[in-house]
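# Remarks on the overall topology
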Amino acid sequence: MRVRRGTAVAAALVTALVPATAAAAEPGAGIGDPYFPSYGNTGYDVGHYDLRLDYRPDTDRLTGTATLVARTTEELDSFTLDFLLDVDSVRVNGRPAEHSSEGHKLTVDPSRTVAEDRQMTVVVKYSDHPSTVGWGDVPSAWHRTDDGAIALGEPEASWWWFPANDHPRDKATFDVRIQVPEGYKAISNGELTGRQTRHGKDIFLWRQDRPSTTYLATLAVGDYEVHEDTTASGLPVYNAYSPGLDELAGPARASIERGAEILEFQEESFGPYPYNALGGVVAGPDADLGFALETQTRPVYSHAFFGRGSNTYVVAHELAHQWWGDHVSVDTWQDIWLNEGFASYAEWMWSEYEGEGTAQELAEFTYDAYPADSAFWTVPPGDPGADDVFHASVYDRGALAVHALRVAVGEEDFAEILRTWQEEHAHGNATVAEFIDLSEKISGKDLQTVFDTWLYTPERPDAAPGAAEQGPSTMSAPAEPESWDTIQRNRELFHEGGH
């Protein structure tokens, strides 16, 4: 489960959808996402972000220098970045540049036109109080806590802490240098490559050396209790727990510390883990999150997931996203089923492994949980609409769609589809249509009816996938799988939190 941000975002601010490949795109037009047309920017691709940050928890003052190393995709005499904070200065290729802000767009006018297919280095210096900054009805991705803050959000994320091309199509590597008062922890993605103490400040150096979308970058500052380790394969593990967890600290650790075991299990189905580090951050009640998000290599979890005891299902969900959503990312937000359907199904796979209910049992119980007249069935996971990107249907009916594919093609082809998908689109972007094409190619079957039924038809299918194959006994109400309550509680937490 991710940071379910139920945002009906401001398409009204943009008058036209502009394809990502359009020449001489109007600055601020967006990258061309049909659901969130003002998000992202055209004219360049970012290859690397270097973020040098100083954060003061007592005042919520964030000061930063962001260096973006990009390559132009067209001739640029002006371009935009997604950013909300107050900007002090901008340089392009070493020269001062004019800049202005409107909405969540920072417009930059270089002193000299940048030719097409040239390296472009953009340096933005800024300082602001992120918790005081907002934009319309979009939920802030900056969550202040009693002892610091956590930056994370979806589908909009970077606006509150670094300027970016904030859309999954533009992936980049990251270096984050974060300075905080001595005694505080500062946590980001990837591997901790260094730590220093100077003049009463602790400095943490983080490196994410594999491409990441901007909404998967995170920053957490606070008085965290940290457990560092390595996996059997040598991956560095960095888990951080809020001191405010109190009686939930034990259940949280009993869940997060099984991450390496869950990862090994998922590698059997999805292929080799695609990153250089592993870990998680558990926020306390003061963060007021109410959700979890698969921030790359280091998912963030609300304390509430552990309120009834250990919960390895939410860990399985977020770690599955490291393949489904992080490694292979959506091309547009319309393709969200590729993220949420498979991460939700990963919970069912983990349930099978734990002996707490098979995927077939969970499919039948999920199907029966929503009566035919439920509005749940009216939202098609394959095209849910901008207002329903994180609707329950995208998760639960999305998982049913994955199970329907498994039933239709058989175990051998299902396994080959999952692994081939990761291999063919490694560190890239892909669409639902491409996934359907691959499934048909590998299985040699026409699967259009399967996908139409479970992804695109706004009504309840006749039966749960696989139910007919189980015989007449399935006509009675299925028994509740042992894992059901925990898995559904996870869904409730996301939606109670407005995500």
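One structure accompanies this document, and this report is about it. (Residues numbered from 1 in each chain as written. Predicted model: local features only at pLDDT ≥ 70, side-chain atom pairs only at ≥ 80, totals over all residues. Heavy atoms only, no water.)

### Here's the deal with the overall build of the protein chain
For clarity, the cut-off: Helix and strand assignments come from DSSP, with helices taken as H or I runs of at least 4 residues and strands as E runs of at least 2, each series counted from the N terminus. A radius of gyration in this sense is built from C-alpha atoms; the matching globule rule multiplies 2.2 Å by the number of residues raised to 0.38. Accessibility here uses a 1.4 Å probe with only protein chains present; expressed as a share of the type maximum, an area under 20% marks a residue as buried, one over 50% as exposed, and anything in between as partly exposed. Should any heavy atoms of two residues lie within 4.5 Å, those residues are counted as being in contact. In short, Shrake-Rupley with a 1.4 Å probe defines the accessible areas, and a residue's cover is counted only from the protein chains shown. His is not counted, nor are the chain ends; Lys and Arg add positive charge and Asp and Glu add negative charge. For the purpose of locating charges, the reference atoms are NZ of Lys, CZ of Arg, CG of Asp and CD of Glu.
A tally of helices and strands in the protein chain yields 10 helices and 22 strands. Relative to its length of 499 residues, the protein chain is compact, with a C-alpha radius of gyration of 22 Å against a globular reference of 23 Å. The buried share among the 499 residues of the protein chain stands at 60%. A separation threshold of at least 6 residues defines the contact pool for the protein chain, and within that pool the share at least 24 residues apart is 73%. Counting every atom, the protein chain has about 18300 Å² of accessible surface; 45% of that belongs to carbon and sulfur. Of the charged side chains in the protein chain, 35 are positive and 81 negative; the average position of the first set lies 9 Å away from that of the second.

### Some thoughts on the packing of helix α2 (residues 259–270) against helix α3 (residues 312–320)
What counts, and what does not: To obtain each axis, a line is fitted to C-alpha atoms, and for helices this fit is confined to the stretch in contact; angles are then taken between N-to-C directions over 0 to 180 degrees. Roughly parallel refers to an angle under 35 degrees, roughly antiparallel to one over 145, roughly perpendicular to one between 65 and 115, and oblique to any angle outside these ranges. Each crossing is labelled by how the near helix is turned from the far one, with a counterclockwise turn of less than a right angle marking it left-handed and a clockwise turn marking it right-handed.
At a closest axis distance of 10 Å, the pairing of α2 and α3 adopts a crossing angle of 50°. When the axis of α2 is compared with that of α3, the two are oblique. Seen along the crossing, α2 lies across α3 with a hand that is right-handed. Within the contact between the two elements, α2 uses G259, I262, L263, Q266 and F270 and α3 uses T312, V315, A316, L319 and A320.

### Quick notes on the sheet that holds strand β7 (residues 105–109)
Rule in force here: DSSP calls a pair of strands paired once it identifies at least 2 bridges connecting them.
The strand order β3-β7-β6 describes an open sheet built from three strands, whose pairing is antiparallel. Strand pairing shows two members of the sheet lacking a second neighbour, β3 (79–82) and β6 (98–102), which therefore form its edges. Sheet twist, expressed as the mean angle between neighbouring strand axes with direction ignored, is 25°. Bridge count for β6 against β7 is five bridges, and the pairing is antiparallel. Bridged to S100 within β7 is T107.

### Quick look at the nonpolar core
Heads up, the rule is: By nonpolar core we mean a set of buried residues, namely Ala, Val, Leu, Ile, Met, Phe, Trp, Tyr and Cys, connected to one another through side-chain atoms within 4.5 Å.
Counting 151 residues, the largest nonpolar core has W161, W337 and F435 as the members making the most contacts within it. By residue number, the principal contributor to this core is helix α6 (residues 392–409), which donates 10 residues. In this structure W161 touches L51, L53, L62, F83, L85, Y126, W142, A151, A217, T218 and L219, once residues within four positions along its chain are discounted.

### Considerations on the pairing of strand β9 (residues 142–145)
The pairing of β9 with strand β10 (residues 148–151) spans four bridges and is classified as antiparallel. From the neighbouring strand, H143 faces β10, where its bridge partner is I150.

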